[in-house]
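# Per-entry structural report
These are the residues of each chain, in order.
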Amino acid sequence: MSFSLMIHGGAGSASGKVERAAARLKDSMTRVLEEGRRVLEHGGSALEAVQRCVVLLEDDPLFNAGRGAIPNRDGNFELDAAIMDGAELKAGAVAAVRNIRNPITLARLVMEKTPHVLLAAEGAAAFAKEHHIAIESDEYFREGRRVAEDAGEDDYDRAKAHGTVGAVAFDKNGNLAAATSTGGWTAKMPGRIGDTPILGAGTYADNRSCALSCTGRGEDFMRTRLAAHAASAAELLGLNANDAAKRAIHYLKGRVNGSGGFILIDREGNCAAAQTTELMRHGWIQHGGPAHASLEAAIKI
Ligand code: ASP
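This write-up is about the structure you can find in this document. The structure displayed is predicted, hence computed values, not measured ones.

Take empty space enclosed by the protein next. Throughout the structure, instances matching the rule amount to two cavities of 30 Å³ or more. Of the volumes computed, that of the second largest cavity is approximately 50 Å³. Lining the second largest cavity are twelve residues, with Thr164, Thr182, Gly184, Asp195 and Gly216 positioned closest to its centre. Residue composition of the lining of the second largest cavity, by class: one nonpolar, nine polar and two charged.

Attention shifts here to the sheet that holds strand S10 (residues 271-275). An order of S7-S8-S9-S10-S13 is seen for the five strands of this open sheet, with the pairing classed as mixed. With one partner strand each, in any of the chains shown, strand S7 (203-205) and strand S13 (299-300) form the two edges of the open sheet. Two elements, strand S8 (residues 210-216) and strand S9 (residues 260-266), share seven bridges in a ladder whose sense is antiparallel. Bridging across to S9, Thr215 finds its partner in Gly261. Across the sheet, helix H7 (residues 226-237) is in contact with S7, S8 and S9; its angle to S8 comes to roughly 150°. Relative to the sheet, helix H8 (residues 241-256) contacts S9, S10 and S13, its axis offset from that of S9 by approximately 155°.

Here Arg20 lies in helix H1 (residues 16-41). For Arg20, a relative accessible area of 63% gives the class exposed. For Arg20 and Ala151, which are 131 residues apart along the polypeptide, the C-alpha to C-alpha distance reads 8.4 Å.

On the secondary structure map, Asn99 appears in the loop between strand S3 (90-97) and helix H3 (103-113). You can call Asn99 buried: its relative accessible area is 18%. Within the structure, the side chain of Asn99 is placed 2.8 Å from the side chain of Asp138, a separation counted as a polar contact. Setting aside residues no more than four positions away along its own chain, Asn99 makes contact with Ala134, Ile135, Glu136, Ser137, Asp138 and Phe141.

Grouped together as the largest cluster of nonpolar side chains are 53 residues, with contacts concentrated most on Ile7, Ile83 and Leu106. With sequence-adjacent residues up to four places away left out, Ile83 is seen in contact with Leu47, Val50, Gln51, Lys90, Ala91, Gly92, Ile104, Ala107, Arg108, Met111, Ala178 and Ala179. If you look at the next biggest cluster of nonpolar residues, it comprises 40 residues, including Ala233, Ile249, Ile265 and Cys271.

Analysis parameters
Residues numbered from 1 in each chain as written. Predicted model: local features only at pLDDT ≥ 70, side-chain atom pairs only at ≥ 80, totals over all residues. Heavy atoms only, no water. 1 Å grid on protein atoms, 1.4 Å probe; cavity = no way out; pocket = protein on both sides within 12 Å on 5 of 7 lines; lining within 4 Å. Points joined across faces, edges and corners; volume = space filled by probe spheres on them. Nonpolar A, V, L, I, M, F, W, Y, C, P; charged D, E, K, R; others polar. Pairing = 2+ DSSP bridges. Helix = DSSP H or I, 4+ residues; strand = E, 2+ residues; numbered from the N terminus. Contact = heavy atoms within 4.5 Å. Axes fitted to C-alpha atoms, helices over the stretch in contact; angles between N-to-C directions. Buried < 20%, exposed > 50% of the residue type's maximum accessible area, 1.4 Å probe, protein only. Polar contact = N/O pair within 3.5 Å; in protein donor to acceptor, adjacent residues only side chain to side chain. Core = buried A, V, L, I, M, F, W, Y, C linked by side-chain atoms within 4.5 Å.

What follows is the structure, given as structure tokens:
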């Protein structure tokens, strides 16, 4: 069986700034895809591949996650992340964590080492310490923002800046996995948690249907439990990636005038991406083929 992999670097609005950063964004996404390909080609699991890709995206200040995270209203960096294994519906997530270099690594540890799915607040920080997770100063994140601004890939509209990173994969054994990580929205209230760490809202994977990673106004994805909506439609109606993506993006738009997009791989390794926004930074390798990166999804409404 051949593998498939998709990644995203967030939905958003088009602007001169993003256009200027387009080449760099696509280069970066292509590099991440090739790294993910190495994992999957050598028989690595979908879970390993999505974690690896999201770690790389978190370390790249061009994207709103990890090092490039956007601050909240008080200037602090509160990060959300989730990872899910579609084979056994195992999952781990963290919400509003601070100073964690790679929140997705912490989410994976929640999945592997605790009986829980979602950790937040002091407990998440203590758990990270216990497992010697890499911690960074606030300055590391502030510096990441400066690099993003210099590259031009920054707040096209400061008041509305957002973004997220994510990956979904289908491995040679037919297993699906999803991972998502974000800094959320600029000037979000302290303590605000978005859709990213909420399974069935911003992140979901089930071998019986599909794997999704979403980006956009998290509240819209939570109110529509968008990822679960797509997965249920794929499973119960037997939809392929393209049809499930179309159905879900129309639901998001029609039901709450939702803003955002997602990447999706179905149980046969077919890839689809959809958006209601002007941009959807994403890339894909379908059935082991060439890597593609694009700022617009094929399904755009
Ligand atoms: N979905 C993220 C959140 O609401 C932000 C984004 O993807 O733009 O936290």
